[in-house]
Every structure is written in C-alpha cells, then in structure tokens.
Amino acid sequence: MKAMIIGAAGFVGGYLADAIRQDLLCEVVVTKLPHEQLSRTDLDVKNLDILNPIAIFELLKEERPDYIFHLAAQSSIGYSWKNPSLTVDVNVKGSLNVLNAIRQLDYSPRVLVIGSGEEYGHIKPGHVPIPETEFLDPGNIYAATKVCQNMMATIYSQAYGLQLIMVRAFNHVGPHQAEIFVVSDFCKQVVMIEKGLQEPVMRVGNLAAKRDFTDVRDVVHAYTRLVQFGVPGETYNVGSGHAVAIQEILDTIVAQSDAKITVETDPAKLRPVDVPIIEADTHKIYDATGWVPRIPLAQTIADTLDAWRAVL
Ligand code: A2R
C-alpha cells in the first residue's frame with residue numbers, strides 16, 4: 001500500500017508522514033513545491049505545483065497511491081488579505097486540479113481533503129460547540145477558499161462517486177510551527193527573553209478570545225483514521241472539543257519558564273473582528289473513528305518551548 005501527501009513541506013507534512021507509517025504501515029511519497037526545502041532525508045520526495053494539472057495527473061498515474069492527503073494550500077490568513085488572487089488560485093483552482101486528476105484515474109483512491117475550522121467564520125453567541133452542519137460564514141479570503149474547496153470536493157464525491165473525505169481542522173499547535181501562530185509566537189518570545197535576546201516584556205494581542213487547540217501530533221492520527229474510516233462525501237471537524245482562553249495559554253507558557261516576564265498589549269496584534277469563542281463539536285469524528293486527542297496542552301507547550309530553545 002502507498003500513501004501520498006500533497007503539500008508536505010509545511011507544518012503538518014512531516015508529522016503526517018510519521019503517523020502514516022505508524023498507523024497505515026504503508027510506503028509514503030510526499031510532494032513539495034520545487035523551491036521548498038524538506039529537511040527529511042527519509043522520505044520519497046517529488047516536486048509538484050498543484051497549479052499544473054498535467055503534472056498532478058502524471059504523478060498520480062505513476063505512483064498510484066491508495067491514500068492521498070491533500071494539504072497543499074496558501075494557508076496564511078494574513079497573506080490571504082495581501083494576495084487574495086494567489087490564495088484563490090492555489091486553494092480553489094489548485095484543489096480543483098487535484099480533484100480533476102483523481103477523477104481521471106482508472107481506480108479510486110481514498111482521499112482526505114483538508115479544510116479549516118475558519119470556514120465557520122463569524123460564530124453567533126451560543127452556537128458552540130460547532131457541529132459540521134453549522135451555517136458557514138467565512139470572515140476572510142482564506143476561509144472562503146476553504147469553503148469552496150469543501151463544496152467542490154463534496155460535489156465531486158457525489159457526482160463522480162469519488163472517495164473524498166473532507167476535514168475542517170481547528171487550530172493545531174506544536175513544535176516547529178511558524179511564529180505567526182499564537183502559541184509558537186508566545187513560546188518564541190519567552191525563549192528570546194530567557195536568552196537575553198528580548199527585553200523581559202511579552203507583547204500580546206487579545207487574551208480573552210477562546211480557541212480550540214489540538215497538538216499537531218494528535219491531529220495527524222485523526223487524519224490517518226479518517227482516511228480509513230471516514231464516509232466518502234462527509235465532512236468531519238478535527239479539534240479537541242474544548243476552547244481555551246489565550247490568557248490561559250499565556251499563563252501556562254510563562255509558568256514553564258524561570259524568566260521574570262511582564263505582559264504588554266501590542267495594538268498591532270489586536271484583530272478587530274476576533275470571534276470570542278471557537279470550539280469544535282467532535283462527536284462526528286469520534287463516532288466514525290474513535291479518535292480522541294491525547295497530548296495535554298501543557299505538554300505541547302513544553303515541547304514547543306524546548307524546540308525554540310534548541311533553535312535560538
Ligand atoms: O506556501 P508555501 O511555499 O509554504 O508552500 C505550501 C504548499 N503550497 C503548495 N504546494 C503545491 N502547489 C502549490 N501551488 C502550493 N502553494 C503552497 O503547501 C506549504 O508547503 C504547503 C502547506 O503547508 P502549510 O502552509 O505549512 O500548512 P499546514 O500548517 O501544514 O496545514 C496543512 C493544511 C493546509 O491545507 C491548511 O490550510 C490546513 O491544513 O489547515
């Protein structure tokens with residue numbers, strides 16, 4: 001058996017490759033953009049730009065993966081405001097290219113199409129935890145493209161009988177995440193302070209917002225279970241099911257350091273449209289796969305701090 005990860009050079013790809021080997025016991029082929037670096041030497045790596053439909057089809061025809069995980073995306077919300085056109089090209093047209101290539105194959109692989117909890121957007125008070133049936137009200141271009149990807153995959157699954165399973169992943173966190181994300185940002189700042197590289201002041205945004213965080217090392221096991229046991233044409237939330245205030249995250253991070261730290265609000269980090277609470281309803285994935293996250297947030301934070309300590 002063989003699995004392919006499309007778009008493996010990002011945060012999730014390496015963790016997913018390890019989970020596939022462990023859970024699915026299969027060979028793993030991964031793709032990256034030609035200009036990207038993949039530090040892993042133990043993986044079979046192919047270059048692929050999903051904006052090139054012929055290249056996708058040729059690669060799939062050659063490799064014939066039994067499982068496909070489609071992670072490739074322009075995944076930054078901030079960048080999606082700056083370059084909406086590229087975000088639409090990659091996340092909508094690129095994903096459609098992937099779906100069209102799969103449709104042309106003479107066999108039917110099981111495919112996980114990764115979307116985002118951001119697709120729900122402006123959650124009304126009292127509408128948490130959020131079930132998959134919730135009204136989609138995306139608040140940014142990234143989220144809108146992921147809604148579109150989900151709809152295209154749902155339609156292709158129904159119309160052409162493809163084995164496409166859709167995910168809406170809520171915030172995932174862990175070692176080596178880019179520092180534009182809050183947990184990684186806070187951990188990096190703490191380590192900078194520990195090492196005397198930053199004055200002992202943490203700069204933070206909205207601490208009252210509550211978000212649903214899951215360790216990336218748990219998320220990838222949800223993906224391996226869904227690709228096996230998810231029902232084609234269905235969408236599944238992947239999250240912890242518990243919202244945690246950013247304030248609590250900050251307190252946990254600061255408590256894990258010996259450094260003396262004060263906290264200051266940075267107006268540049270305050271987002272005007274922050275939704276007060278986002279929390280996934282996780283009954284559907286649990287019923288389908290039995291998956292539950294196992295790594296406590298304090299452990300994720302400890303490991304993320306250690307990863308920054310090793311890097312800085
Ligand atoms: O944007 P880059 O240069 O970081 O490359 C990203 C890559 N990618 C592409 N791959 C193939 N063809 C393209 N035209 C293309 N454009 C971008 O997909 C990056 O290496 C990878 C996605 O990884 P990340 O951005 O780190 O996302 P992460 O955290 O691994 O999340 C995986 C999926 C994404 O679909 C997210 O939207 C979703 O989970 O939450």
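The structure reproduced in this document is the subject of the present report.

Basis of the calculations
Residues numbered from 1 in each chain as written. Predicted model: local features only at pLDDT ≥ 70, side-chain atom pairs only at ≥ 80, totals over all residues. Heavy atoms only, no water. Helix = DSSP H or I, 4+ residues; strand = E, 2+ residues; numbered from the N terminus. Buried < 20%, exposed > 50% of the residue type's maximum accessible area, 1.4 Å probe, protein only. Contact = heavy atoms within 4.5 Å. Areas by Shrake-Rupley, 256 points an atom, 1.4 Å probe, with all protein chains shown as cover. Lys, Arg positive; Asp, Glu negative; His and termini not counted. Charge placed at Lys NZ, Arg CZ, Asp CG, Glu CD. Core = buried A, V, L, I, M, F, W, Y, C linked by side-chain atoms within 4.5 Å. 1 Å grid on protein atoms, 1.4 Å probe; cavity = no way out; pocket = protein on both sides within 12 Å on 5 of 7 lines; lining within 4 Å. Points joined across faces, edges and corners; volume = space filled by probe spheres on them. Nonpolar A, V, L, I, M, F, W, Y, C, P; charged D, E, K, R; others polar. Expected span 1.5 Å × (residues − 1). Phe/Tyr/Trp six-rings, centres within 6.5 Å; stacked < 30°, edge-to-face > 60°. Lys NZ or Arg CZ within 6 Å of the ring centre and 35° of its normal. Axes fitted to C-alpha atoms, helices over the stretch in contact; angles between N-to-C directions. Parallel < 35°, antiparallel > 145°, perpendicular 65-115°, else oblique. Left-handed = near helix turned anticlockwise from the far one by under 90°.

**Some points on the overall build of the chain**
Part 1 of the reasoning: A count of helices and strands for the chain gives 10 helices and 13 strands.
Part 2 of the reasoning: Looking at the chain residue by residue over its 312 residues, the buried ones come to 51%.
Part 3 of the reasoning: Restricting the contact set of the chain to residue pairs at least 6 apart, pairs at least 24 apart contribute 80%.
Part 4 of the reasoning: For the chain, the exposed surface amounts to about 14100 Å²; the carbon and sulfur share of it is 54%.
Part 5 of the reasoning: Across the chain, the centroid of the 27 positively charged side chains sits 3 Å from that of the 37 negatively charged ones.

**Looking at the nonpolar core**
Part 1 of the reasoning: By size, the foremost hydrophobic cluster in this structure holds 33 residues, and its most contacted members are Ile5, Leu16, Ile20, Phe69, Leu112, Tyr223 and Val238.
Part 2 of the reasoning: For this core, the elements supplying multiple residues, two or more each, are strand E1 (2-6), helix H1 (13-24), strand E2 (27-32), strand E4 (67-70), strand E5 (110-116), strand E6 (163-169), helix H7 (216-229) and strand E11 (235-238).
Part 3 of the reasoning: Per-element tally for this core: the top contributor is H7, with 7 residues.
Part 4 of the reasoning: Discounting chain neighbours no more than four positions away, the residues touching Leu16 are Ile5, Phe69, Leu71, Val220, Tyr223 and Thr224.
Part 5 of the reasoning: The next biggest cluster of nonpolar side chains, apart from the first, holds 27 residues, and it includes Leu99, Leu105, Tyr156 and Met166.

**Focus on the layout of surface pockets**
Part 1 of the reasoning: Size it by volume and the second largest pocket reaches roughly 150 Å³.
Part 2 of the reasoning: Lining the second largest pocket are Phe213, Thr214, Asp215, Asp218, Ser240, His242, Val244, Pro293, Ile295, Pro296, Leu297 and Thr300.
Part 3 of the reasoning: Elements with a contribution of two residues or more to the lining of the second largest pocket: strand E10 (214-215) and helix H10 (297-311).
Part 4 of the reasoning: The residue makeup of the lining of the second largest pocket, split by class, is 6 nonpolar, 4 polar and 2 charged.

**Let's talk about helix H6 (residues 182-194)**
Part 1 of the reasoning: Its 13 residues give H6 an end-to-end C-alpha distance of 18 Å, which sits within 8% of 18 Å, the value for a rise of 1.5 Å per residue.
Part 2 of the reasoning: Among the 13 residues in H6, 11 count as buried, and that is most of the element.
Part 3 of the reasoning: Listing the buried residues of H6 in full gives Val183, Ser184, Asp185, Phe186, Cys187, Lys188, Gln189, Val190, Val191, Met192 and Ile193.
Part 4 of the reasoning: Where the residues of H6 are buried, they touch strand E7 (172-173), strand E8 (201-204), helix H8 (246-255) and H10.
Part 5 of the reasoning: In the stretch just after H6, Gly196 is the one whose phi turns positive, near 70 degrees.

**Examining the packing of aromatic side chains**
Part 1 of the reasoning: All told, the structure shown has 3 aromatic pairs when counted by the stated rule.
Part 2 of the reasoning: With centroids separated by 6.0 Å and ring planes inclined at 25 degrees, the aromatic side chains of Tyr120 and Phe170 adopt a geometry described as stacked. Of the two residues, Tyr120 is situated in the loop between E5 and helix H5 (141-160) and Phe170 in the loop between E6 and E7; the sequence distance between them amounts to 50 residues.
Part 3 of the reasoning: Relative accessible area serves as the criterion here: at 1%, Tyr120 is assigned to the buried category.
Part 4 of the reasoning: Between the NZ or CZ atom of Arg103 and the centre of the ring of Tyr160, over which it lies, the distance is 3.8 Å.
Part 5 of the reasoning: Stacked on the ring of Tyr236, the Lys or Arg Lys284 has its end atom at 5.0 Å from the ring centre.

**Remarks on the packing of H8 against H10**
Part 1 of the reasoning: Relative to each other, H8 and H10 sit at 55 degrees, their axes nearing to 10 Å. When the axes of H8 and H10 are compared, the pair comes out oblique. The two elements H8 and H10 meet at a crossing, and its hand is right-handed. Every residue of H10 that contacts H8 at Ile249, Thr252 and Ile253 is listed here: Leu297, Ala298, Ile301 and Leu305.
Part 2 of the reasoning: By residue class, the composition of the contact of H8 with H10 is 6 nonpolar, 1 polar and no charged.

Remember, this is a structural readout, not a statement about activity or role.
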